[in-house]
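Results of the structural survey
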Amino acid sequence: MSTVRNDDKPKKQIHLAAHFPGVNNTTVWSDPASGSHIEFDSFVEFAQIAERGLFDFMFLAEGLRLREQAGQIYDLDVVGRPDTFTILAALAAVTERLGLTGTINSTFNEPYEVARQFASLDHLSDGRAAWNVVTSWDAFTGENFRRGGYLPQDQRYERARTFLDAATRLWDTWKGDEILADKASGEFLSTPAAGTFEHQDSQFDISGRFNVPRSPQGRPVIFQAGDSEEGRDFAAAKADAIFSRHSHLEDGQRFYTDVKGRLERFGRRHEDLLILPAATFVLADTDAEAVELAREIRLQQVSPATAIKLLEQLWNRDLSDHDPDGPLPTVDPSENDDLIAKGRASARSHGDRLEQAERWREVSRAKGLSTRETIVEVTGRQSFIGSAETIASTIDDFVQADAADGYILVPHITPGGLAPFVDHVVPLLQERGVFRTAYEGATLRENLGLREPGQ
Amino acid sequence: MSAPLPRLRLAVALDGAGWHPAAWREPNARPEDLLKPGYWAGLVQEAETGLLDFVTIEDSLSIQTDAPFGTEDDDRTDRVRGLLDAVLIASRIAPLTRHIGIVPTVVVTHTEPFHLSKAIATLDYVSRGRAGVRVQVAPRPRDAALFGRREFPDISYADLRSPAGEGLIREAFAEAADYVEVLRRLWDSWEDDAEIRDVATGRFVDRDKIHYIDFEGLHFDVKGPSITPRPPQGQPVVAALAHRDRPFELVGTSADVGFVTPRTPADIASITAEIRAAQDAAGRGEETVHVFGDIVVVLDETEQGAQDRLTRLNEAAGAAYESDALIFAGTPAGLADLLATWHAAGLSGFRLRPAVLPDDLRRITQKLVPELQRRGLFHDAYAGTTLRGALGLPRPISRYATTEGTPA
């Protein structure tokens, strides 16, 4: 495989992370090897496989309301998940170096509480906490919270920005030298007002004393996942890493160049922000076997029933009578912007839906594919497919070609799906000299090669 | 002759370096480790070697203060300041223990019942059925300012019996009762067998067994269902500390365990009567609601030695320690006498607050527990692995279950 490479540069070290399989059709729960998504043993096994592979961190997503489609709880994918903070704190007890990253919503929480929880998690994990900052704006999720209502969509990044600013202010109220704990003199604190803060902005007006002294990392490592202009600027200004969805070479490079190019504007260096796309993989003994296996997995992921549900999500109308083995519907997507699918991040306007439906039709026509086959073709294709050698060289090439700084791998089987990658691909990356053979540091920030946060 | 009493239940309340404000200056104290996971793991493992039924972990949203009813944070530098989120401490230590119940304190006045419900459900999964939660109100300006969402009147401790004070307490505890109702409904919102993984039909769950809770209250509406399936105990244990009428009512209507602070056997009779009356009024007369006595303990081999320890601690603190609970300074045998008497007077268990950690905890596990065992008042081994089991509470079916047991 040949990609552009600047041979003058030393090779970049690859970062790897493990995404616990989620509540969407990527996760194949019907496989006999698939275990619980709730029992703690699954999380322990998953985290320990990732740590055996010297991964930088594991990643937990979040959902605050069960998904619905056409007014009913969506039942074809994994449903239900445990609480993010609680699982990460427990995993700190059964791992030693693995970073613990959780998605926590900034709309249905308050900065004081979230800052306190992350500072606590950072203490309890000896410096391994990370926060993927997300916002929601839907009233559907708001029905579970005091705040209720929703956030106007144009305020979501303002909310995220101000929330993170407020949390950062709280973390920085303690410098780290306040606790003397001097039994002889009786001085526990060096300063009487440690933790004092006052913060006002468009979203928050809070004051008092933050009650968690400075944690090992100072602040958790900050992730951002949005892809819009605003999201990219937010990441360039505030984040330590981006959880992106651009796992292919060219779109990865475009995204990488774009976001890294924004850093200077915010007074930050090229290496202050890591780009880590989510990626799936299918590993087999040979490339040909992997291609075959990848197709089988795609058919598991897109059952006939799931195909109809995915079709309905794009068309935004009831297509329950549509034949998944027949052609795509001739009717166009609905103009109604009240979405049939609730609790999913992928809200689109009617114009986008029309355009995308047209693309699906083109693929279907060009290749003579049924509805289900079309969806198998156009959605969720695995990022890395091949033998261990092929996958290792592809990942290495992509990272060296600045399509990414590493990948957040999403296995399709819980909890053991990552093991083949750890056992077969990681050693090859190590042989190439592009992946660690031991953890460099004690904290996640150290292992990611990020600077200490300024105060 | 009445039937013999069931064995007494025993818990310890963990708080920083111990409950006495000068605890952190004792020779065995580890004040520099209060934010480290190993400190908490060691304490809970010690409690487990003593076969204790559960530990509670104190918490507050605002920073510790010697004047909890004051408007302002105090500016003392001679007390422990700074603490970690108790739910996360509980979760961090759960995988390191096997039998002991773990009951973190949570503030219900400012937090989200939806988040807390899934956090405690998850603690129940992580601990395999040993989770509880102690709910606490904080209707104070200094706590509200941290969130900036609500305002509370500034009412001093002395004014709590004024009409304004009574109103504040009534409202705060009504909200706490709503909060517990939401926790309980969300824990029941998935029936036990909702996850079906039916490959033939492609359905992961039976959505007829997942329920909206549709709670509407003065301070929050919660639609549900939970995102977390029903926890191993079905209903994790709910506890509350109570000193007077409204809080007693909360225990009777909403809790499985009430922590109370009697000074005499006569107090025990009146307190339990109030709680039982509230329990009956709420239609829970047939359910078990434990009433535990809270006692601060300073233990030593001799009576004099314990008194000397307390004197030394008070001198270091600069003032005699005062507590809402009885402060017992004496021998483990003397404490066993008191517990036996109070047990017979109507308390089903005790939550001991060690004045100093780890010293008084070790005297509980290594001296008091053997003494109670000799008297036949405490168990010789853990009988089960869930907290409800330890407390003699059955595992309830979901209130939303349409069929009893597993359908054929």
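Residues numbered from 1 in each chain as written. Chains lettered and ligands numbered in written order. Predicted model: local features only at pLDDT ≥ 70, side-chain atom pairs only at ≥ 80, totals over all residues.

The name given to chain B in an unreviewed UniProt entry is FMNH2-dependent monooxygenase, with the source organism recorded as Nocardioides luteus. For chain B, the Sequence similarities (unreviewed entry) comment in UniProt is given as "Belongs to the NtaA/SnaA/DszA monooxygenase family." (UniProt positions renumbered as here; feature names shortened; annotations may be inferred.)

The name an unreviewed UniProt entry assigns to chain A is F420-dependent methylene-tetrahydromethanopterin reductase, from the organism Nocardioides luteus. The Sequence similarities (unreviewed entry) comment attached to chain A in UniProt states, word for word, "Belongs to the NtaA/SnaA/DszA monooxygenase family."

1. With respect to the overall build of chain A
Looking only at helices and strands, chain A has 14 helices and 17 strands in total. Taking 455 residues into account, the globule formula puts the C-alpha radius of gyration at 23 Å, and chain A, at 23 Å, falls close to it. Considering only C-alpha atoms, chain A reaches an extent of 80 × 55 × 45 Å along its principal axes. Split into buried and exposed, the 455 residues of chain A put 51% on the buried side. Taking the intrachain contacts of chain A between residues at least 6 apart in sequence as the baseline, contacts between residues at least 24 apart amount to 75%. (Helix = DSSP H or I, 4+ residues; strand = E, 2+ residues; numbered from the N terminus. Rg over C-alpha atoms; globule rule 2.2 N^0.38 Å. Buried ≥ 20, exposed ≤ 12 C-beta atoms within 10 Å, placed from the backbone. Contact = placed C-beta atoms within 7 Å.)

2. Quick look at unusual backbone geometry
Across residues other than glycine, the phi torsion is negative in most instances, and most of the peptide bonds are trans. Residue and element names in this part refer to chain B. The omega torsion across Gly224 and Pro225 is -10°, close enough to zero to call that bond cis. Examined against the element boundaries, Pro225 turns out to sit in the loop between strand 8 (221-222) and strand 9 (237-241). Following Leu357, the chain continues into Pro358 via a peptide bond in cis, with omega recorded as 0°. Residue position: Pro358 is located in the loop between strand 13 (349-354) and helix 10 (359-374). Despite not being glycine, Arg197 shows a phi value in the positive range, around 45°.

3. Concerning the domain arrangement of chain A
Residue and element names in this part refer to chain A. Taken domain by domain, chain A comprises domain 1 (15-286 + 382-447) and domain 2 (303-378). Computed over C-alpha atoms, the centres of domain 1 and domain 2 are 31 Å apart. Taken together, the contact between domain 1 and domain 2 spans 11 residues of the former and 10 residues of the latter. The set of elements that each furnish at least two residues to the side of domain 1 that touches domain 2 consists of strand 3 (68-69) and helix 4 (139-142). (Domains from an automatic or database assignment.)

4. Some remarks on the UniProt feature "binding site: FMN" (unreviewed entry) in chain B
Residues and elements named next belong to chain B. UniProt feature "binding site: FMN" (unreviewed entry): in the numbering of this structure it lies at Asp59 and Thr105. In sequence the annotated residues extend across 47 residues, while in space they remain close, none of their C-alpha pairs exceeding 5.5 Å. Here Asp59 falls in the buried class, since 23 other C-beta atoms lie within 10 Å of it. Those residues within four positions of Asp59 in sequence are excluded, and the remaining contacts are Leu83, Asp85, Ala86, Pro104, Thr105 and Val106. Tracing the backbone through its elements, the reader meets Thr105 in strand 3 (residues 101-107).

5. Notes on the UniProt feature "binding site: FMN" (unreviewed entry) in chain A
Residue and element names in this part refer to chain A. Taken from the UniProt record, the annotation "binding site: FMN" (unreviewed entry) applies to Thr103, Tyr157 and Ser228. Residue placement: Thr103 occurs in strand 5 (residues 99-105). C-beta crowding within 10 Å serves as the criterion here: with 17 such atoms nearby, Thr103 is assigned to the partly exposed category. With sequence-adjacent residues up to four places away left out, Thr103 is seen in contact with Leu60, Ala61, Glu62, Thr84, Asn132 and Val134. Mapping Ser228 onto the fold places it in the loop between strand 11 (221-224) and helix 6 (229-238).

6. Quick look at the interface of chain A and chain B
At the interface, 64 residues of chain A touch 60 residues of chain B. Those elements that provide at least two residues to the side of chain A that touches chain B are strand 4 (72-73), helix 2 (84-91), helix 3 (111-124), strand 7 (179-182), strand 8 (187-189) and strand 10 (205-209) of chain A. Top contributing element to the side of chain A that touches chain B by residue count: helix 3 of chain A, with eight residues. Broken down by class, the residue content of the side of chain A that touches chain B amounts to 33 nonpolar, 16 polar and 15 charged. (Nonpolar A, V, L, I, M, F, W, Y, C, P; charged D, E, K, R; others polar.)

7. Some words on the sheet that holds strand 6 (residues 129-134) of chain A
Residues and elements named next belong to chain A. The eight strands lie next to each other as 1-2-5-6-11-12-13-17, forming a closed barrel whose pairing is parallel. Each strand axis lies, on average, 30° off the axis of its neighbour in the sheet, ignoring direction. Where strand 11 meets strand 12 (residues 241-244), two bridges bridge the pair, whose relative direction is parallel. Bridging across to strand 12, Gln224 finds its partner in Ile242. Taken strand by strand, helix 3 contacts strand 5 and strand 6, and its axis lies near 155° from that of strand 6. (Pairing = 2+ DSSP bridges. Axes fitted to C-alpha atoms, helices over the stretch in contact; angles between N-to-C directions.)

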